[in-house]
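# Examining the three-dimensional arrangement
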Amino acid sequence: MRSNPHAAPADPRPPASGPLESWLWQKKRLADENGVIPVDGWEIGRKQLAENEGWWREQNAGAQGDGPAARGAGLSPASWVSRGPGNVGGRTRSFLIHPTTPLRMWAGGVSGGVWYTANGGTTWTPVADAMSNLNIGCLAFDPTNPDVIFAGTGEGVFGGGSLAGNGIWKSVDAGVTWTQMSGTASWGAVGRIAVNPANTQIILAARSGSSAGIMRTTNGGATWSNVAMGSESQFVSWDPNDSAKAVAHVRALSGAHRAMYSTNSGQTWTAATGIPTTDRIELCYAAATPNMVYALSGNGLVYRSTDGGQTYTVRTTSGNAGSSWWACPIWVSPTNSDLLTVGGYAIYRSTNGGQTLTQISNGYIITTAPHPDIHWFMHDPGYNGTTNRRWWVATDGGLHGTNDIHASTISWFSRQATYRTTQFYGAAGHGPTGRIIGGTQDNGTLRLNSTSSDTANLTFGGDGGFCAIDHEDPNYTYGEYIYAQVHRSTNGGQSASYITNGLSDANAAANFIAPFILDPNNPNTMYVGASSLWRSQNVRTTASWSAVRAPGNDYISAIAVAPGNSSVVWVGQNNGQVWRTTNAHVAAPTWTVIDNNGTANPLPNRYVTRIFFDPGNASIVYVAFGGFATNNLYRSTNGGTTWSDITGSGASGLPNIPIYGIARHPTVANWLYVATELGVFSSNDGGATWSTASEGPRNVRTDEIVFMHASNRLLAATHGRGIYTADINPCAADFDGDGTRDVNDIFAFLGAWFANDPSANFDGVGGVGVDDIFAFLSAWFAGCP
């Protein structure tokens, strides 16, 4: 396996991490033809989404529930059902505990919004879904009024990252409603917010992205100034013993990481000395000892200052926190300045001021002990080091805690139930059994095995990706670990093992999340896209592999097999090239490039995210692309000879955002659905217009959308809100299948009836007769649900 800087070397389980590799892959999906990701791409997309919602509401005004705007290709807001999983939390970098009512807590999913619990984490509810950005990087209270909460959006560890932000949002009613703070919308990611305890009009914010650094306001956020410029900032905090002092982390424009300090309420900042500048730095005041500040470096060592953060000396002589630029938390007991915890892949504790670090956690995926990749520590507001030692941690797998952080052997508890913030890369569903298999960021490949339960089991560890279920025998399910390391379950997803022996590109030459599919005509055949295209024709048994397409000029990013004709296979590449073969069944198929071939270039030269054949007509092919562009969805009705852009236009069109998945209703040819960077969109009219009635997944990135096999159940796999399904059952009176109940359906039915067409046997009794006319007209006048 690829080396992982966070994993314990002796741990045989697949590492539950790969953040840098994941980000480099995601950058490819976000970039334009020149490799550029526009800094305002998300903000423009959100504005266009809001315009589309306005258009949808205008069209929907006065609708009776069966018109195209009201139904949204059969997908109404009430259609969605959250499938969780309810026992697997997603990446969380922040949470708050009410200072006087500690059962009240707020948590920020990095791509799943703000969540609230009134019962200490037993159950959770999302409370900030009206925000235009649900990527939560940090949370902070007004120290004088806990009803006032600030939420910083975006994940700044990548200098802005794939989870982009749009500044700071503020609630004055304990998270019920939120308003974007003026002047912060263009900021990008916010890693930390600190409200001055003596003067709450003074706020400091650690900002990443364009014009990054430490931002400061003296008027409660009306205006801001950059008081410590850099390329990113991850941390800022006020001295609990002196409100004029503060410390912060800033990465300079040169790339050097600096621990900074201020002695004049954050007006000016000076770089500290004694701590390495090569790694991320997280800081924490020792509240029990004035002027003492601890620092955790990304090199895994603890440093300490006794002069308010001006100079530091290394403390650690035994052990290493395993921290990095990705995970670097530190906590110091407010009552004992020698007791601290630090983290990275696991949690370490020191009882001698950071000199010795001892590991106290060894959790994994769906364990009571904290999940690997540790991001945030917090003690209970009533913590006193004696009668109250309750302590919390946020991880890549949600929230955990202990009732005694001092104990020689820690007893952990988990608080993931109903905290549905799992980040999926892919999923597949089987309609008759209700089985769902999904691949996640850092939470492995998961199985949901019942429509009545949202509790998942772990099929395979590490990061997950694309998934598939054998529709002939759903006991065979498939997933992958990073870089095309495909695994197979023969027991319906209870467990799985690798089947990549002979697939030499696996873990060597493939995208971080590499595409694979089962042939829809023969699920014993699988294709895996890497540098080459690999095929197994006995994937249920020995899974022997052969390369059926030699390496191209970029990695394969999408694969599709024509329904009804296994000889026709298409692939797309990272660079936008699309290739086709019509003799895929032979040992050495012949491939033809149909785009970007030096002569014809009808499609964009961006990352091909998905290729999709119309299930009823293999001559109709859809291709979706990444990048923040106007033309990310194309259709050909003649097998690729000519192409049409079907993103629509104006407010009724799709926003200029990456599209990751495509689906078509099994029985209504014009009903289309796409998964995008900002949620799910649907079309009643084959792509002429689009609407976003997606109150279920909200505006969260959605990586997969597909109909579960042999059903009308649509499955959406989000990267921050888990899995959603929606049953989309067309109106029986929509006889012509255009998605609307209108007079044209009467003419279509009568035409079929006079032709004695079997489709006119509306009541299903006997042959076509007069009774069918009465049955149809009765349904038509009754309308649609």
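This write-up is about the structure you can find in this document. (Residues numbered from 1 in each chain as written. Predicted model: local features only at pLDDT ≥ 70, side-chain atom pairs only at ≥ 80, totals over all residues. Heavy atoms only, no water.)

## What to know about the overall build of the chain
Where we set the bar: Here a strand is any run of E in DSSP of at least two residues, a helix any run of H or I of at least four, and the numbering for each starts at the N terminus. In this setup the radius of gyration rests on C-alpha atoms only. A globule is expected at 2.2 Å times the number of residues raised to 0.38. In this description, contact between two residues means that some pair of their heavy atoms is separated by no more than 4.5 Å. For accessible areas, the Shrake-Rupley method is used with a probe of radius 1.4 Å. Any residue's cover is judged against the shown protein chains and nothing else.
In terms of regular secondary structure, the chain is built from five helices and 55 strands. For a compact globule of 785 residues, the expected C-alpha radius of gyration is about 28 Å, and the chain comes in at 27 Å, within 12% of that figure. Counting only C-alpha atoms, the chain reaches 90 × 60 × 50 Å along its principal axes. Counting only contacts in the chain whose residues sit at least 6 apart along the sequence, the fraction spanning at least 24 positions is 52%. Looking at the chain as shown, the accessible area adds up to about 26,400 Å², and 50% of this sits on carbon and sulfur atoms.

## Points about helix H1 (residues 19-30)
Here is the rule we go by: Any helix carries an expected span of 1.5 Å times its number of residues minus one. Relative accessibility thresholds used throughout: buried, under 20% of the residue-type maximum; exposed, over 50%; partly exposed, between the two (1.4 Å probe, protein chains only). Directions drawn from the helix axis to the C-beta atoms are what define this arc.
Over its twelve residues, H1 extends 16 Å from the first C-alpha to the last, a length consistent with the 16 Å expected when each residue adds 1.5 Å. Here H1 has its buried residues at Pro19, Ser22, Trp23, Trp25, Gln26, Arg29 and Leu30. An end-on view of H1 places all buried positions within 165° of arc, on one side of the element.

## Describing the sheet that holds strand E40 (residues 533-536)
Strand pairs in the sheet, formed through backbone hydrogen bonds, run parallel or antiparallel to each other. Where we set the bar: Pairs of strands are assigned from DSSP output, requiring at least two bridges between the strands. Note on geometry: axes are lines fitted to C-alpha atoms, helical ones only across the stretch in contact, with angles between N-to-C directions running from 0 to 180 degrees.
Across the sheet, which stays open at both edges, the four strands sit in the order E38-E39-E40-E41 with antiparallel pairing between neighbours. With partners counted over all chains shown, the strands left at the sheet margins are strand E38 (516-519) and strand E41 (546-549), one partner each. Averaged over all adjacent pairs, the angle separating strand axes in this sheet is 30°, with direction ignored. Bridging between E40 and E41 involves three bridges; their strand directions are antiparallel. Bridge pairing links Trp534 to Ala547 in E41.

## Quick notes on the packing of aromatic side chains
Applied cut-off: Only the six-membered ring of Trp is used, alongside the rings of Phe and Tyr, when aromatic pairs are assigned; centres must lie within 6.5 Å, and planes under 30 degrees apart are stacked while those over 60 apart are edge-to-face, with the rest tilted. The rule is short: NZ of Lys or CZ of Arg within 6 Å of the ring centre and within 35 degrees of the ring normal puts a charge over the ring.
As enumerated under the stated definition, the model contains 26 aromatic pairs in all. A centroid spacing of 6.4 Å and a plane angle of 65° characterise the contact between Phe95 and Trp392, whose relative ring orientation is edge-to-face. In this pair, Phe95 sits in strand E2 (residues 92-97) while Trp392 sits in strand E27 (residues 391-395), placing the two residues 297 residues apart along the sequence. Considered together, Phe95 and Trp392 belong to a single accessibility category, that of buried residues. Consider the rings of Tyr673 and Phe707, whose centres lie 5.6 Å apart with planes at 70°: the pair is edge-to-face. With Tyr673 in strand E51 (residues 672-676) and Phe707 in strand E53 (residues 702-707), this pair connects stretches of sequence that are 34 residues apart. Across the pair, exposure class does not vary: Tyr673 and Phe707 are buried alike. Each member of the aromatic cluster is reached from another via a ring pair, and the members are Trp331, Phe377, Tyr383, Trp391 and Trp412. If you follow Arg29 out to its NZ or CZ, it ends over the ring of Tyr660, 4.0 Å from the centre. Sitting over the ring of Trp591, Arg549 keeps its end group 5.9 Å from the ring centre.

## Quick notes on the side chain of Arg549
Counted only if it meets this: Under the convention used here, Asp and Glu are negative, Lys and Arg are positive, and both His and the chain ends fall outside the count. Definition used for salt bridges: Asp or Glu carboxyl oxygen within 4 Å of a side-chain nitrogen of Lys or Arg. We call two N or O atoms a polar contact when they sit within 3.5 Å, provided that within protein one can donate a hydrogen and the other can accept it, with sequence-adjacent residues counted only if both atoms are side-chain atoms.
Tracing the sequence through the fold places Arg549 in strand E41. One buried charged residue, Arg549, forms no salt bridge at all, with the nearest opposite charge on Asp505 at 9.1 Å. A polar contact is formed between the side chain of Arg549 and the side chain of Gln573, at a distance of 2.7 Å. Once you skip the residues sitting within four places of it in the chain, Arg549 turns out to touch Ser532, Leu533, Ile556, Val571, Gln573, Trp579 and Trp591.

## Points about the environment of Ala456
Position of Ala456 relative to the elements: it lies in the loop between strand E32 (445-448) and strand E33 (457-460). Classification of Ala456 as buried rests on a relative accessible area of 7%. Expressed as a C-alpha distance, the spacing of Ala456 and Asn87, which sit 369 residues apart in the sequence, is 6.7 Å. Those residues in contact with Ala456, other than ones at most four positions away along the chain, are Pro85, Asn87, Val88, Ile366, Leu446, Arg447 and Leu448.

## Re helix H5 (residues 770-782)
For H5, built from 13 residues, the straight-helix expectation of 18 Å at 1.5 Å per residue is met to within 8% by its first-to-last C-alpha distance of 19 Å. Listing the buried residues of H5 in full gives Asp772, Ile773, Phe776 and Trp780. Looking down the long axis of H5, one finds its buried residues gathered within 105° of arc, a one-sided arrangement. Structural note: H5 exposes Val770, Phe774, Phe781 and Ala782 on the side pointing more than 90 degrees away from its buried face. In the core, the buried residues of H5 are packed alongside helix H4 (743-754).

## Describing the layout of surface pockets
Operational definition: Computed over the protein atoms alone on a 1 Å grid, cavities are sets of points where a 1.4 Å probe fits but cannot get out and pockets are open sets with protein on both sides within 12 Å along at least five of seven lines; a residue lines them when it has an atom within 4 Å of a point. Grid points are joined across faces, edges and corners, and a volume is the space filled by probe spheres set on the points.
Size it by volume and the largest pocket reaches roughly 1,400 Å³. Looking at the lining of the largest pocket, the elements that each hand over two or more residues are E2, strand E6 (136-142), strand E7 (145-153), strand E10 (190-195), strand E14 (232-239), strand E18 (281-285), strand E22 (330-332) and strand E26 (374-379). Approximately 1,100 Å³ is the volume attributed to the second largest pocket. Going through the elements one at a time, strand E30 (424-430), strand E34 (468-469), E38, strand E42 (556-561), strand E46 (608-614), strand E50 (659-664) and E53 are the ones with two or more residues in the lining of the second largest pocket.

## Some points on the sheet that holds E18
Within the open sheet, the four strands sit side by side as E18-E19-E20-E21. Their pairing is antiparallel. The two strands at the open ends of the sheet, each matched to only one other strand, are E18 and strand E21 (313-314).

## Some thoughts on the pattern of salt bridges
On inspection of all chains with the given rule, the structure shows 18 salt bridges. For Arg91, the salt bridge is made with Glu155, and the minimal N-O distance between the two is 2.6 Å. Taken as a pair, Arg91 in the loop between strand E1 (80-84) and E2 and Glu155 in the loop between E7 and strand E8 (168-171) lie far apart in primary sequence, 64 residues in all. What makes Arg91 buried here is its relative accessible area of 5%. Overall, Glu155 belongs to the buried group, its relative accessible area being 2%. Two residues, Glu155 and Arg93, come together in a salt bridge whose shortest N-O distance is 2.6 Å. Of the two residues, Glu155 is situated in the loop between E7 and E8 and Arg93 in strand E2; the sequence distance between them amounts to 62 residues.

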